[in-house]
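Working through the structure, step by step
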Amino acid sequence: MDLSIFLQLLISGILLGGIYAMSSIGLTLIFGVMKIVNFAHGEFLMLAMYFSFFLHHLFKLDPYVSIIIVAPALFIIGIILYKTIIRYTIGKPILTQIFVTLGISIVIENLALLFFSGDFKAVTLDYLQVPFFLGPFDSIGIGEIIINPGRLIAFITGLLISGAFYLFLKFSYTGKIIRATAQDRTTALLMGINIDRVYMLTFAIGLLLVGIAGCLMIPIFTVHPFVGFEFVLIMFVVVVLGGLGSIVGAVAAGLFIGVVEVFSSFIIGPDSKQAIYFIIFIILLIIRPSGLFGIKGEEELERIEAID
Amino acid sequence: MKQLIKNIRNSSHLPFVCFFLAAAVLPLFVENDFYLDGFILIFIWASFSSAWNIIAGFTGMVSLGHNALFGIGAYSSTILLIRYGISPWFGLLIGGTLAAAVGVLIGVICFRLRSHYFALATLAFGEVIFILAMNFADITGGAEGIALPIEPDIWNMSFQGKLPYVYSGLILLMIVTIVSSKIKQSKLGYFLIAFKENEDAARMLGVNTGRARLTAMAISSFLAAVTGSFYAQYIVFIDPSSVCRIQLSIQAALFAIVGGIGTVFGPIVGAVIFVPITIALRAVLGSTMPGLHLIIYGFILIVVLLYMPQGILGAAKNKLFRISNN
Amino acid sequence: MLELKNIEKKFGGNLVLQGISFSLEPGRITGLIGPNGAGKTTLFNVITGFHKDHSGTVIFSGDKITGLNPEDICKKGICRTFQVTKPFANITLTQNVMIGALSRLERIKDARRKAQEILDFVGLYEKREILGRNLTIADRKKLEIARGLATSPKIFLLDEVMAGLNESELLEMKKLIRNIADSGITLLIIEHIMTVIMELSQKVIVLDQGKFLTSGTPEQVTKNPEVIKAYLGKEFKHA
Ligand SMILES: Nc1ncnc2c1ncn2[C@@H]1O[C@H](COP(=O)(O)OP(=O)(O)OP(=O)(O)O)[C@@H](O)[C@H]1O
Ligand SMILES: [Mg+2]
């Protein structure tokens, strides 16, 4: 492979991966703290994309500006859903958790179909239409590398937000409480932490994050009622690869998956690219279920605790 | 015969003996193909949901990849018929066996994973099969799908009119139900419950939980695939999104959960409720309000899981239990 | 009959069992005591195959059983109860015990008969149709025992089956344990209540902080100053 092409693919892959990473952070947070797989996460992304689309379509609001409306809106949806449904699934059998969130995803998906129709919708921003170029670097034999501005913005903003959120979890009081709850629910409870509130906040923050992701993605991807399912599968791969609940892991895994996707669609064609990362996913589950970056044995924690 | 009398005496089976009798007799008086189609679809989706229930309901391992097993059945018998002229009567057995082998492979790989991970792994597996079916167009016809021959020919499992499909569908459902009920009452059934309730305790009592689950998975996969073959024969057209998509697994779960997960007859109850509603809603609102029925189902799923987690049969049983205890 | 050789088990860097060796003689009741966290339950987990990443060997009737799975160890004739009871919550007591019985029997009918005999033996026959989740502590402990007995063990390991029982339940449990021993099953029992151990067991093994401290008759052990120190040092309320 030509070095220019290689670099081009690598950069495209990293940019794409940044987007995957950012959209997965909310999911990994919810997974890590509440031990719930949120199968509806893709639909929240889809909702955010629609919100941002309509704000642009109806009020000419720039999608990047629409974050200040869409993110809080998803936060509130998160609180409402937590209060009405999610809180009742905590500690319930796995079947309940899976199919309740799947039920939510079915409802949202088909509401979108009902109200927004099955048409593909996109936001085209004039100022993003001109790609810019790196290079050429003739001296080392590298030609021009094309960079898509929308993806670059999503990538940079996504990384900044992931970083900010990481710092929030690490250093803020609320962040510490969330982490304490994630680590040991019983002890957190004994220390007087209001678990129910922490979960509500976690769920809402998870949605807020995916809300931001939706706004950053609408200038690049088209939205339709079933877009959530496409993305949630990638998000699951990213989250498991990164280790459940690990922000840094999700970012690293997101980048990895982005690069894998771009290279595999270049090499074996775009149709099979998804199969590739699902196969990676399955192999990973076999050899290291706790994720590349997770703590080994995490997936079997339940088991160790189970034996007194 | 003795068994039958015993079953009838055992009152909890009575409604289902009645169900099967009604299902056998009623179609004879129905002339309208539209309604007969309803019967056939009830039998097919009840069979598939029962097959899913054997692994997910009996053991608590939530599979989100059964759509792939259904698809393996549908594609196996169809491809064998079209390319090699092999009768679907054999094709469905071959497809079933292949699916059972695949199911065991999934089990060997994924059974050591805990709960969430198992669901995600099977989901990913289902997607891989879906993508393969889409992309290996030489074999599967890709997104365009494959049409099956429609001239009636018993050897090709292709019949004149709907009635033969009604009865073969009914026989399929009876077989699935009998298998499911036999498992439940057998040593295997006890082992599966033991695993579901508490794996450590089960193992200490000598239950080889791995082998029990693999057996259940093989049977469940086989039956799912056979149902897929029959579906292909009835619809005479298959493509990845009609026989491999994840929605099939979710639908199987919906029927089983609402009817009563882990019970033998729950999936049938679910199918009897939902299939006619779906057909009716599609006929009435089809084009004007696409997906409205799914919105309703999503709500029902959530409400049942939160407020009636044992489903209709579980709730009914509890009530009977209470009455008989008073 | 059961022989442990130099068992060592770590959790992370934490050495929880070190150099444990002893053997059980057939047909006897042996007590296993030690302060909280001494490693008693961990030792049960090692013997019954729940922990595999340990060193040392476990020999049962001349066969090495180290590394076998719990289900295989059960088949060989060793069963145990769990300190934190694990009833099958959503099925009846009869069905709970039948699952144990099915490890030896093929037919459901036979298993049901055996289960009912055993439920009668432990005094749960009246409650046989109750669901596993609706039991008192004492009954949960009895159910643990009943299920274990249903597997026809040669050696039965009991992990604190008396903890949390009141006076009369305690009396009943002691009688039950004696009856089990009289039926020829070798017992190894973990117990904190010293008087019970004194009454029941012919031999006592003491663990402290993962180490074998001493063993002997109940009288010898209770007089041993090291044992007294181990208990009084931390958990004198049990002494
Ligand atoms: N799964 C585990 N992971 C890490 N450490 C463990 C685990 N299980 C036990 N331990 C540690 O091993 C030590 C021994 O525990 P064990 O449960 O065997 O004690 P015990 O003698 O049974 O105590 P008790 O009388 O309280 O039941 C303790 O320090 C405990 O914290
Ligand atoms: Mg203990």
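One can find the structure itself at the top, above this paragraph.
Positions within a chain are numbered from 1, following the residues in the order the chain's sequence is written. Labels follow written order: the first chain is A, the first ligand is 1, and so on. Totals for whole chains, interfaces and linings use every residue, but because this is a predicted model, local features are given only for residues with pLDDT of at least 70 and side-chain atom pairs only at 80 or more, for both listing and counting. Hydrogens and water molecules were not included; the side-chain quantities draw on all heavy atoms of the structure.

**Section: the interface of chain B and chain C**
Contacts between chain B and chain C engage 19 residues on the former and 31 residues on the latter. The buried area of a pairing is the accessible area, by a 1.4 Å probe, that goes missing from both parts when the two are put together, added over both. Taking both sides of the interface into account, the surface hidden between chain B and chain C amounts to around 2,100 Å²; carbon and sulfur atoms contribute 66%. Looking at the side of chain B facing chain C, the largest losses of area belong to B:Tyr190, B:Met204 and B:Leu205, adding up to 37% of the total buried there. Within this document, salt bridges are pairs made up of a side-chain nitrogen of Lys or Arg and a carboxyl oxygen of Asp or Glu, the two lying within 4 Å of each other. Run the count over chain B and chain C and you get two salt bridges. Between C:Glu71 and B:Arg203 there is a salt bridge whose closest N-O contact spans 2.9 Å. Two N or O atoms count as a polar contact when they lie within 3.5 Å, although within protein this holds only if one can serve as hydrogen donor and the other as acceptor, and sequence-adjacent residues are included solely when both atoms are side-chain atoms. Where chain B touches chain C, the interface holds eight residue pairs in polar contact (both at pLDDT 80 or more). In this description a helix means any DSSP run of H or I spanning at least four residues, a strand means any run of E spanning at least two, and both kinds are numbered starting from the N terminus. Of all the secondary structure elements, the ones that give two or more residues to the side of chain B that touches chain C are helix H9 (187–197) and helix H10 (199–204) of chain B. For the side of chain B that touches chain C, the leading source of residues is H9(B), giving six residues. Across the side of chain B that touches chain C, the residue classes break down as ten nonpolar, five polar and four charged. When checking whether two residues touch, look at their non-hydrogen atoms; a contact exists if any pair is within 4.5 Å. Side-chain classes follow a simple rule in which Ala, Val, Leu, Ile, Met, Phe, Trp, Tyr, Cys and Pro form the nonpolar group, Asp, Glu, Lys and Arg form the charged group, and the remainder, Gly included, forms the polar group.

**Considerations on the packing of helix H13 (residues 246–260) of chain B against helix H15 (residues 292–307) of chain B**
Residue and element names in this part refer to chain B. Close contact between H13 and H15 brings their axes to 10 Å; oriented N to C, the two are set at 45°. In terms of axis orientation, H13 runs oblique to H15. Seen along the crossing, H13 lies across H15 with a hand that is left-handed. Residues Leu254, Ile257 and Val258 of H13 form the contact with H15, whose own contacting residues are Tyr297, Ile300, Leu301, Val304 and Leu305. In terms of residue class, the contact of H13 with H15 is made up of eight nonpolar, no polar and no charged. Lines fitted to C-alpha atoms define the axes here, with helix axes fitted over just the stretch in contact, and angles between the N-to-C directions of these axes take values from 0 to 180 degrees. Put simply, angles under 35 degrees are roughly parallel, angles over 145 are roughly antiparallel, angles from 65 to 115 are roughly perpendicular, and the rest are oblique. Two helices that cross are described as forming a left-handed crossing if the nearer one is turned anticlockwise from the farther one by less than a right angle, and a right-handed crossing if clockwise.

**Notes on the site of ligand 1**
Neighbouring residues of ligand 1: 13 residues in total, closest C:Asn36, C:Lys40, C:Thr41, C:Thr42 and C:His192. For this description, a residue counts as near a given molecule or strand if any of its non-hydrogen atoms is within 4 Å of it. What surrounds ligand 1 is not a single chain but chains A and C. Separating an oxygen atom of ligand 1 from a side-chain N or O atom of C:Thr42 is a distance of 2.5 Å. In this structure, an oxygen atom belonging to ligand 1 sits 2.9 Å away from a side-chain N or O atom of C:His192. A per-element tally of the shell around ligand 1 places helix H1 (residues 40–47) of chain C first, with three residues. Split by residue class, the shell around ligand 1 holds four nonpolar, seven polar and two charged.

**Some details on the interface of chain A and chain B**
Chain A puts 48 residues into the contact, and the matching count from chain B is 42 residues. Along the contact surface separating chain A from chain B lie zero salt bridges. Between the two partners, chain A and chain B, sit one residue pair in polar contact (both at pLDDT 80 or more). Going through the elements one at a time, helix H4 (94–116), helix H9 (227–242), helix H11 (273–287) and helix H12 (301–306) of chain A are the ones with two or more residues in the side of chain A that touches chain B. Counting residues per element, the side of chain A that touches chain B draws most heavily on H4(A), at 17 residues. Along the lines of polarity and charge, the residues of the side of chain A that touches chain B split into 34 nonpolar, seven polar and seven charged.

**Comments concerning the coordination of the magnesium ion (ligand 2)**
All names here are of chain C. Coordination shells were defined by N, O and S atoms within 2.8 Å of each metal, extended to 3.2 Å for Na, K and Ca; water is absent from the atom set, which can make sites look incomplete. The magnesium ion (ligand 2) binds to the protein through Thr41 (OG1) and Gln83 (OE1), with metal-donor distances spanning 1.9 to 2.1 Å. Placement of Thr41 in helix H1 and of Gln83 in the loop between strand S6 (78–80) and helix H3 (93–101) is noted, with a sequence separation of 42 residues between them. The classification of residues rests on relative accessible area computed with a 1.4 Å probe and restricted to protein chains. Under 20% of the type maximum is buried, over 50% is exposed, and intermediate values are partly exposed. Relative accessible area serves as the criterion here: at 12%, Thr41 is assigned to the buried category.

Functional significance is not addressed by these values, which are geometric in nature.
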